[in-house]
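# Results of the structural survey
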Amino acid sequence: MKIGTLTFFCGKMGAGKSTEAKKIARDTNAVLLSEDEWLASIYPDKITSLKDYLKYSGLLKPQIKQLVESILATGTHVVMDFPANTQSQRAWFRTIISEINAPHQLVFIDAPDDRCLKQIQRRCIEQPERAATDTAEMFAQVTQYFSAPTADEGFNVTTINK
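The paragraphs below set out a description of the structure included in this document. Keep in mind that what you see is a predicted model, and the values were worked out from it rather than measured. (Residues numbered from 1 in each chain as written. Predicted model: local features only at pLDDT ≥ 70, side-chain atom pairs only at ≥ 80, totals over all residues. Heavy atoms only, no water.)

### Remarks on the overall build of the protein
Stated formally: Strands are runs of DSSP state E lasting at least 2 residues, helices are runs of H or I lasting at least 4, and numbering of each runs from the N terminus. Each radius of gyration is computed over the set of C-alpha atoms, and the globule rule expresses the reference value as 2.2 Å times the number of residues to the power 0.38. Only protein chains enter the accessibility calculation, which uses a 1.4 Å probe; a residue whose area is less than 20% of its type maximum is buried, one above 50% is exposed, and one in between is partly exposed. Whether two residues are in contact is decided by their heavy atoms: any pair within 4.5 Å suffices. Under the counting rule used here, the positive set is Lys and Arg, the negative set is Asp and Glu, and His together with the chain ends is not counted. Think of each charge as sitting on NZ of Lys, CZ of Arg, CG of Asp or CD of Glu.
When helices and strands are tallied, the protein shows six helices and five strands. Starting at the N terminus and walking to the C terminus, you meet the elements of the protein as β-α-β-α-α-β-α-β-α-α-β. In terms of overall size, the protein behaves like a compact globule, its C-alpha atoms giving a radius of gyration of 15 Å where 162 residues would be expected to give roughly 15 Å. Buried residues in the protein amount to 43% of all 162 residues. For the protein, the share of sequence-separated contacts (at least 6 apart) that also reach a separation of at least 24 residues comes to 79%. Side-chain charges in the protein split into 19 positive and 19 negative, and the spacing between the mean points of these groups amounts to 2 Å.

Quick look at the structure:
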């Protein structure tokens, strides 16, 4: 049986990962899973800090992993709008890929900080419910942990320069 392809994203906060995820999911007729949507739905009003995000994201990941593996096993493509912005986050994606031997694509959106910050400001206007967490301060806090994918990690990487 053919296994679906897993597509996931690396890029700083505000780089355009969600926008690109929606486009790729639409263009490839894939199932789109958004971490932000899952977290907002299951844990409404619980995430106000990076610590909260790490806690609730960690609670969500085991169930999401099982769901993604099940969908991929049917031959359906999955686009995950979940961050792969650190080596440990990418290691989690590696477990999904390796356990079912799924083809994959890691899309790295390489955008400068000033562009990301402008997009965050625009997003807060368009999505006021995110204004409390989508701030320049949160960008700075999260960005200190960001690491671009490297060749030795062994992912199939497509880079988009913004």
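What follows continues from the structure just given.
### Looking at the sheet that holds strand 2 (residues 31–34)
Pairing between sheet strands relies on hydrogen bonds along the backbone, with the strands arranged either parallel or antiparallel. Convention followed: The pairing criterion is simple: DSSP has to find at least two bridges between the two strands. Axis lines are fitted through C-alpha atoms, for helices just across the contact stretch, and the angle between N-to-C directions can take any value from 0 to 180 degrees.
Taken in spatial order, the five strands make up an open sheet running 2-3-1-4-5, and their pairing is parallel. The sheet is open, and its two borders are formed by strand 2 and strand 5 (157–161), each paired with just one other strand. Averaged over all pairs of adjacent strands, the angle between their axes in this sheet comes to 20°, without regard to strand direction. Sitting on the sheet, helix 1 (residues 17–28) is in contact with strand 1 (6–10), strand 2, strand 3 (78–83), strand 4 (104–110) and strand 5, with an inclination near 175° to strand 3. Its contacts with the sheet place helix 2 (residues 35–42) against strand 2 and strand 3, and it is angled at close to 60° to strand 2.

### Observations concerning helix 3 (residues 50–73)
We count it as follows: By this rule the span expected of a helix is its residue count minus one, scaled by 1.5 Å. Given a residue, its bend is the angle between the two axes fitted to the seven residues that end at it and to the seven that start from it.
With 24 residues, helix 3 should reach 34 Å at 1.5 Å per residue; the first-to-last C-alpha distance of 33 Å fits that figure. Along its length, helix 3 shows its largest kink, about 35°, at K61, and proline P62 lies within four residues downstream of that point. Downstream of helix 3 by a residue or two, G75 has a phi angle that is positive, lying close to 95°.

### Focus on a nonpolar patch on the surface
We apply this condition: Like-charged residues are merged into a patch within 9 Å and nonpolar side chains (Val, Leu, Ile, Met, Phe, Trp, Tyr) within 5 Å, provided each residue has over 30% relative accessible area and no salt bridge. Only the protein chains shown count as cover for residues, and the accessible areas themselves come from Shrake-Rupley with a 1.4 Å probe. Salt bridges are counted wherever a side-chain nitrogen of Lys or Arg sits within 4 Å of a carboxyl oxygen of Asp or Glu.
Judged by side-chain polarity, W38, I42 and L67 come together as a nonpolar surface patch covering roughly 230 Å² of accessible area. Here W38 shows up in helix 2.

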